[in-house]
Amino acid sequence: MFLIASFFFWLSLFIYMPILSPYVEQLGGAYSFVGLVLGSYGLMQFVCRIPIGLVSDIVQRRKPFVTLGMAAAMGSGWLFALTNSLGWALAARALAGVAAATWVVFTVLYASYFRSEDTHRAMGQISLVVVLAQLVGMTAGGSIVDRWGWHAPFWAGGCLAAVGVVLSISIKESKQSEGSVRPQTVQLKDLFSVMKEPLLLKVSVLSVLAHGIMFTTIFGFTPAYVLKAGLDERDLGFLMICFMIPHAIATVFIGKTVVPLFGKWRSLVIAFFGSAVFTFLIPVAGGSFFVYPVQIGSGFFLGLLFPLLLGMSIESVDESQKATAMGTYQAIYAIGMFGGPYLAGIVNELIALPFAFYFAGTLGLIAIGMIAVWKRKERGLNKVVHRGY
């Protein structure tokens, strides 16, 4: 039931994603405002995720926050559907960001159903559900607009979230989450301790860059770009299939094949490099048939990144602080969800739309450089320790 509810949650948020940037444009928004609307989703997550995770840890409850997130997603979809102005579009997208901020509690609740050594498997499963919801939603969104008009995907999103609200009521919290003995509340010093965890900070910074790529491209300006390059709304569905199916397949490969074969850090390097290459190729492909294989490659390599980063973010944190750690991680990577599209929108307005993709591809190369620096410092430290200095 939990995975079904999670599916409806993300389906409600992503069913209108393929048409969001073209929709804001047709309302009269400039590229910079389009970037602001797209980025407000990440900004609200940055503001809300740590408080939500912290409060959830303090009260040791997860389920009420899950239901709250469903309700916020429902309100966002219906606010889009009932209004027709730039200001309300910004408000509706910001509310969607509040909804997504509760995902920190979804992930911790689901992880509590598993043993700590199976965290990566749990994150792989829930990531697969997210990707499948994204696939269905983003595939259907363009066709819905083509058939019933701009507001139809927003009505659908609100109704799907309403179903999620009902499903969330039957979700069970494990004994680990609702034990008979009330755990100690999380102190502010514990929050600072979690936020200083070295692995968590490194993974969070990399996730900022990964989300910057994702929310600048397929969840940002790629739909608007390919429509201007010659595709129409009906083509968006197939474009999303080309991205999302490899994206879903990659979530299965990362834990079973890629990480055992290459290790975590090398897997990250491979994924960031592939993501950068295929992002650079988006302007080259334009509105030609080549855009579809480019999206296949982009979807696969980005799909390798997210479950691995998600699992690494909480693997070294105590169980009682995992919601706080997950909230910290998700709040930090929300900077990429806001900053990526917002800065890309400014670049689009100052130069030209294709430069948003050059900007996003460069983020992948920066991530590779950061990993190389960290590993070089780590090797140097290990040599010093080995020599007894």
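Residues numbered from 1 in each chain as written. Predicted model: local features only at pLDDT ≥ 70, side-chain atom pairs only at ≥ 80, totals over all residues. Heavy atoms only, no water.

**Details of the environment of Val129**
- Looking at the element boundaries, Val129 is found in helix α7 (residues 119-148).
- We classify Val129 as buried; its relative accessible area is 11%.
- When sequence neighbours within four positions are dropped, the list of residues in contact with Val129 reads Leu3, Ser6 and Phe7. (Helix = DSSP H or I, 4+ residues; strand = E, 2+ residues; numbered from the N terminus. Buried < 20%, exposed > 50% of the residue type's maximum accessible area, 1.4 Å probe, protein only. Contact = heavy atoms within 4.5 Å.)

**What about the pattern of salt bridges?**
- Here the structure, examined in full by the defined rule, presents one salt bridge.
- In this structure, Lys228 and Glu25 form a salt bridge, with 3.5 Å as the shortest nitrogen-oxygen distance. Here Lys228 is found in helix α10 (residues 198-228), whereas its partner Glu25 is found in helix α2 (residues 17-26), with 203 residues between them in sequence.
- Residue class for Lys228 comes out exposed when judged on its relative accessible area of 51%. (Salt bridge = Lys/Arg side-chain N within 4 Å of Asp/Glu carboxyl O.)

**A look at the environment of Leu86**
- Mapped onto the secondary structure, Leu86 falls in helix α5 (residues 86-101).
- Along the sequence, Leu86 and Val37 sit 49 residues apart, while their C-alpha atoms lie 8.7 Å from each other.
- Not counting residues within four places of it along the chain, the set of residues in contact with Leu86 comprises Val24, Leu27, Gly28, Gly29 and Phe33.

**Topic: empty space enclosed by the protein**
- Under the defined criterion, the tally for this structure stands at one cavity of 30 Å³ or more.
- Roughly 380 Å³ of internal volume is contained in the largest cavity.
- Lining the largest cavity we find 24 residues, and of these Val130, Gln134, His211, Phe306 and Tyr333 sit closest to its centre.
- Listed by contribution, the elements that provide at least two residues to the lining of the largest cavity are α1 (2-14), α3 (31-59), α7, α10, α11 (233-262), α14 (291-314) and α15 (322-350).
- In terms of residues, the lining of the largest cavity owes the most to one element, α7, which gives five residues.
- A class-by-class count of the residues in the lining of the largest cavity yields 16 nonpolar, seven polar and one charged. (1 Å grid on protein atoms, 1.4 Å probe; cavity = no way out; pocket = protein on both sides within 12 Å on 5 of 7 lines; lining within 4 Å. Points joined across faces, edges and corners; volume = space filled by probe spheres on them. Nonpolar A, V, L, I, M, F, W, Y, C, P; charged D, E, K, R; others polar.)

**Description of the side chain of Thr102**
- The residue Thr102 is located in the loop between α5 and α6 (103-111) in this model.
- If near-sequence neighbours (up to four positions away) are discounted, Thr102 is found in contact with Phe9, Ile52, Phe65 and Gly69.

**Section: the side chain of Gln295**
- Structurally, Gln295 can be placed in helix α14.
- When residues no more than four places from it in sequence are discounted, the contact partners of Gln295 are Ile218, Thr222, Leu239, Cys242, Phe243 and Ile282.

**Description of the environment of Tyr113**
- As for its position among the elements, Tyr113 is in the loop between α6 and α7.
- The class of Tyr113 is partly exposed, set by a relative accessible area of 35%.

**Notes on the packing of aromatic side chains**
- With the rule as written, the count across this model stands at 26 aromatic pairs.
- Ring centres of Tyr16 and Phe154 lie 5.0 Å apart, and the angle between their planes is 50°; this geometry places the pair in the tilted category. Linking Tyr16 in the loop between α1 and α2 with Phe154 in helix α8 (residues 152-168), this pair joins segments that are 138 residues apart in sequence. The residues Tyr16 and Phe154 share a single accessibility class, namely buried.
- Look at Trp265 and Trp374: their rings are 6.4 Å apart centre to centre, the planes differ by 75°, and that puts the pair in the edge-to-face class. Residue Trp265 is located in helix α12 (residues 264-280), and its partner Trp374 is located in helix α16 (residues 355-387); the two are separated by 109 residues in the primary sequence.
- Of the residues examined, Trp374 reaches a relative accessible area of 16% and is grouped as buried.
- Ring-pair connections join several aromatic residues into one group, and the members of that group are Phe2, Phe9, Trp10, Phe14, Tyr41, Trp103, Phe106, Phe215 and Phe219.
- Directly above the ring of Tyr41 sits Arg93, whose terminal nitrogen or CZ lies 4.0 Å from the centroid. (Phe/Tyr/Trp six-rings, centres within 6.5 Å; stacked < 30°, edge-to-face > 60°. Lys NZ or Arg CZ within 6 Å of the ring centre and 35° of its normal.)

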